Amino acid sequence: MSNLETDPVEVECHADAGVASGSGHLRMDVLTARDVPLGGPRAMTVHRTLPQRSRSLIGAWCFIDHYGPDDVASSGGMDVPPHPHTGLATVSWLFTGEVEHRDTMGNHAMVRPGEINLMTAGHGIAHTEVSTPDTTTLHGVQLWVALPADKADTPRDFAHHRPDPLDLGGVTARVFLGELFGTRSPVHTFTPLTGAQLDFAPGASVAIDVDPAHEHGILVDTGTVEVTEADAAPLSRTELGYVGLGARRITLTNVVDTDARVVFLGGAPLSEDIVMWWNFIGRTHEEIVSYREQWEAHSERFGQVRGYVGSTQHLPAPPLPHSRLRARSNTPGRATP
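Note that this is a predicted model, so its numbers are computed, not measured.

Criteria and thresholds
- Residues numbered from 1 in each chain as written.
- Predicted model: local features only at pLDDT ≥ 70, side-chain atom pairs only at ≥ 80, totals over all residues.
- Heavy atoms only, no water.
- Helix = DSSP H or I, 4+ residues; strand = E, 2+ residues; numbered from the N terminus.
- Buried < 20%, exposed > 50% of the residue type's maximum accessible area, 1.4 Å probe, protein only.
- Lys, Arg positive; Asp, Glu negative; His and termini not counted.
- Charge placed at Lys NZ, Arg CZ, Asp CG, Glu CD.
- Core = buried A, V, L, I, M, F, W, Y, C linked by side-chain atoms within 4.5 Å.
- Contact = heavy atoms within 4.5 Å.
- pLDDT = per-residue confidence, 0-100.
- Pairing = 2+ DSSP bridges.
- Axes fitted to C-alpha atoms, helices over the stretch in contact; angles between N-to-C directions.
- Salt bridge = Lys/Arg side-chain N within 4 Å of Asp/Glu carboxyl O.
- UniProt positions renumbered as here; feature names shortened; annotations may be inferred.
- Polar contact = N/O pair within 3.5 Å; in protein donor to acceptor, adjacent residues only side chain to side chain.

## Points about the overall build of the protein chain
- Across its full length, the protein chain holds two helices and 27 strands.
- The principal-axis extent of the C-alpha atoms belonging to the protein chain is close to 55 × 45 × 35 Å.
- Out of the 337 residues belonging to the protein chain, those deemed buried represent 57%.
- With 25 positive and 41 negative side-chain charges, the protein chain shows a spacing of 3 Å between the two charge centroids.

## Quick word on unusual backbone geometry
- The omega angle of the peptide bond from leucine 50 to proline 51 is 0 degrees, so this bond is cis rather than trans.
- Looking at where proline 51 falls in the secondary structure, it is placed in the loop between β4 (44-50) and β5 (61-71).
- Looking along the chain, the bond that leaves glycine 68 and enters proline 69 is cis, with omega of 0 degrees.
- Relative to the helices and strands, proline 69 is located in strand β5.
- A positive phi angle, near 55 degrees, is found at phenylalanine 181, a position not held by glycine.
- If you trace the backbone, phenylalanine 181 turns up in the loop between β16 (179-180) and β17 (183-184).
- Note on phenylalanine 181: relative accessible area 29%, which makes it partly exposed.
- One non-glycine residue, tryptophan 278, adopts positive backbone phi at about 55 degrees.
- The residue tryptophan 278 is located in the loop between β25 (274-277) and β26 (280-282) in this model.
- Residue classification places tryptophan 278 among the buried residues on the basis of a relative accessible area of 3%.

## What about the nonpolar core?
- Counting 27 residues, the largest nonpolar core has Leu198, Phe200, Ile218, Ile250, Leu252, Val262 and Phe264 as the members making the most contacts within it.
- Elements that contribute at least two residues to this core include exactly β15 (171-177), β18 (193-200), β19 (205-209), β20 (215-222), β21 (225-227), β23 (249-254) and β24 (260-267).
- The contact partners of phenylalanine 200, leaving out residues within four places of it in the chain, are Gly170, Val171, Val206, Leu252, Asn254, Asp259, Ala260 and Val262.

## Some thoughts on the confidence of the model for the protein chain
- Confidence in the prediction for the protein chain averages 91 pLDDT; 90% of positions are at 70 or higher.
- Ignoring residues within four places in sequence, the model shows residues 16-23, a span with pLDDT below 50, making 20 contacts including any to other chains.

## Quick look at the side chain of threonine 194
- By secondary structure assignment, the location of threonine 194 is in strand β18.
- Accessibility expressed as a relative area gives 8% for threonine 194, which makes it buried.
- If we ignore the near neighbours within four places in the chain, the residues touching threonine 194 are Trp61, Leu177, Gly178, Glu179, Leu180, Phe264, Leu265 and Gly266.

## Here's the deal with the sheet that holds strand β3 (residues 34-38)
- Taken together, the seven strands give an open sheet; going across it, the order is β3-β4-β5-β12-β7-β10-β13, and neighbouring strands pair in antiparallel fashion. Looking at strand neighbours, the two that pair on one side only are β3 and β13 (157-161), the edges of this open sheet. Within this sheet the neighbouring strands show an average axis-to-axis angle of 20 degrees, counted without direction.
- In terms of strand pairing, strand β7 (residues 88-96) meets strand β12 (residues 137-146) through eight bridges, oriented antiparallel.

## Examining the side chain of threonine 135
- Residue position: threonine 135 is located in the loop between β11 (125-131) and β12.
- Every residue in contact with threonine 135, bar those within four places of it in the chain, is listed here: Val72, Gly97 and Glu98.

## Re the pattern of salt bridges
- One pass over the full model with this rule turns up 15 salt bridges.
- A salt bridge links arginine 184 to glutamate 179, with the shortest nitrogen-to-oxygen separation between them at 3.1 Å.
- Judged by relative accessible area, arginine 184 falls into the exposed class, the value being 57%.
- In this structure, arginine 261 engages aspartate 199 in a salt bridge whose closest nitrogen and oxygen atoms are separated by 3.7 Å. Linking arginine 261 in strand β24 with aspartate 199 in strand β18, this pair joins segments that are 62 residues apart in sequence.

## Quick look at the UniProt feature "binding site: Fe cation" (unreviewed entry) in the protein chain
- Per the UniProt record, "binding site: Fe cation" (unreviewed entry) is annotated on His83, His85, His127 and Glu129. Spatial clustering of the annotated residues is evident: they stretch over 47 residues in sequence, but the largest pairwise C-alpha distance comes to 13.4 Å.
- The topology assignment puts histidine 83 in strand β6 (residues 79-85).
- Owing to a relative accessible area of 0%, histidine 83 belongs among the buried residues under this scheme.
- Among the secondary structure elements, histidine 127 is positioned in strand β11.
- The class of histidine 127 is buried, set by a relative accessible area of 1%.
- A polar side-chain atom of histidine 127 sits 2.9 Å from a polar atom in the side chain of histidine 83.

So this is what it looks like as structure tokens:
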């Protein structure tokens, strides 16, 4: 998915590694989403919880858009023209609906519920995302992962995987990235990451053993979920709970009498600086300027998407800010004292 903001914020992120130790009591920060229209006057609204001023990264996860359930008849659905990416991988994950993906590698794939599509931009790529004509309700998340500096220029790639659901007794897990509950996704990542969908029956609970050297995020899609170990109010829809380094177990409980759904994310801190602006990730302001210039010049760095039938065949980049980037701290938090 593209960041379609007309005045995107330019962000420099600083990360610092380190593991805290302590008791089982966890500190959890609650990050609230801001609503962002995805496109024109009939735009679909997405709830963006990452990045924001208080936190720019969770592991290497650098962007979280949560959308739906969206009535396509009212909003027009998703229709994102050819747009570029560098230095990141996109992770598409749906709950309801279907999205058609095309990219400059010639991939023509469908994004369907319970199936991960991971596109590695690396050196540069362009792609499109369009909800299919049969889609009446669109509901899912679009996630970005920052690539480490030594892999930021890696060749383009694309992976698809449908994880088997795991029955955990009142909770069903689908592990689409990394390892959780004794199962591992075959999808390759350049830094240690975890990604899973957790579906809860009313009142159901699950204890998740996690790596204390990782940060974690708990995005609530439906219902209300409590983190047992944390001295914080239960998380409600669109809220993102952040648990920093040092946690060894995170217990989630659905505290309402209806079903609940969570996207559980984690990863090792990205212990280096990145600059993210619009759809690009680089290491310096100058790199971002260069990427934008190359995209506007229709450079082969990004290639051409074939088969997209929309009226806009090359999404224009927004103007760059008049000032240089402003540094923002992104030191990983500590989950335990």
